[in-house]
Amino acid sequence: MDFECPHFWMPVPAPEGKRHAFRGRRWDGSPVLASACGSMLPLAVPSEMDWIQCPTCWYCWNVLLEQPPEPESTCAGCPYGSGRRTPESIRAELERTDTP
């Protein structure tokens, strides 16, 4: 299943009794949503006990783990493609500044 970020977690006490991941930033009040594991689940406002008692759905967890990470944003004018400095790029920078 193509499950893109962002996502939110929500406990589903019955019939699943697990905390599932859903697409979106937060629950919009929909009565039924498709979870990351592909289940169509009924949603309702959870109680504090639902959050505590419902274990995480490991199928949802694994789906999210398998998603490729989002690319890092590049900083304007950064000579290091991704904006992240690696040991090699730091070494090269030091070599450029140490030579007269």
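Attention in this report is confined to the structure presented alongside it. (Residues numbered from 1 in each chain as written. Predicted model: local features only at pLDDT ≥ 70, side-chain atom pairs only at ≥ 80, totals over all residues. Heavy atoms only, no water.)

### Topic: the side chain of R19
Just so we agree on the cut-off: Helix numbering and strand numbering both begin at the N terminus, where a helix is a DSSP run of H or I of at least 4 residues and a strand a DSSP run of E of at least 2. Relative accessible area decides the class of each residue, using a 1.4 Å probe on protein chains only: under 20% of the type maximum gives buried, over 50% gives exposed, and in between gives partly exposed. Asp and Glu count as negative and Lys and Arg as positive, but His and the ends of the chain are not part of the count. Throughout this description, the term salt bridge denotes a Lys or Arg side-chain nitrogen within 4 Å of a carboxyl oxygen of Asp or Glu. For the purposes of these results, a polar contact is taken to be a pair of N or O atoms within 3.5 Å, where, inside protein, one atom must be able to donate a hydrogen and its partner to accept one; residues adjacent in sequence count only when each atom of the pair is a side-chain atom. The contact criterion used throughout is that any non-hydrogen atoms of two residues lie within 4.5 Å.
Locating R19 in the fold gives a position in strand β2 (residues 18–23). There is no salt bridge for the buried R19, and the closest opposite charge comes from D50, which lies 9.5 Å off by N-O distance. In this structure the side chain of R19 is engaged in a polar contact, spanning 2.6 Å, whose partner is the backbone oxygen of W51. In this view, R19 contacts W9, M10, P11, W51, C54, P55, T56 and C57; residues no more than four positions away in its chain are not counted.

### Concerning the environment of W61
With respect to the secondary-structure elements, W61 resides in helix α2 (residues 58–66). Residue classification places W61 among the partly exposed positions, given a relative accessible area of 37%. The spatial distance from the C-alpha of W61 to the C-alpha of C37 is 8.4 Å, given a sequence separation of 24 residues. When neighbours within four sequence positions are excluded, W61 is seen to be in contact with W9 and T56.

### Regarding the pairing of strand β1 (residues 7–12)
Definition in use: Strand pairing follows a simple DSSP-based rule, namely that at least 2 bridges must link the two strands.
When β1 meets β2, the two strands line up antiparallel, connected through six bridges. Within β2, the position partnered with H7 by the bridge is R23. The hairpin formed by β1 and β2 contains five residues between the paired strands, and G17 there has a positive phi angle of roughly 75°.

### Digging into α2
Here is the rule we go by: In this description, one arc is meant: the one made by directions from the helix axis to the C-beta atoms.
The set of residues buried in α2 consists of C60, V63 and L64. The buried side chains of α2 occupy one side of the element, clustering within an arc of 95° when seen end-on. Away from its buried face, by an angle of more than 90 degrees, α2 presents the exposed residues W58, Y59, L65 and E66. Elements in contact with the buried residues of α2: β1 and β2.

### With respect to the packing of aromatic side chains
Just so we agree on the cut-off: Any Phe, Tyr or Trp ring, taking Trp's six-membered ring, that has another such ring centre within 6.5 Å forms a pair; planes under 30 degrees apart are called stacked, those over 60 apart edge-to-face, and the others tilted.
Counting across every chain of the model gives three aromatic pairs. Ring plane angle 75° and centroid distance 5.5 Å describe the contact between W58 and W61, whose orientation is recorded as edge-to-face. Of the two residues, W58 and W61 both sit in helix α2, three residues apart, roughly one turn of that helix. Here W58 falls in the exposed class, since its relative accessible area comes to 55%. One aromatic cluster in this structure is built from W9, W58 and W61.

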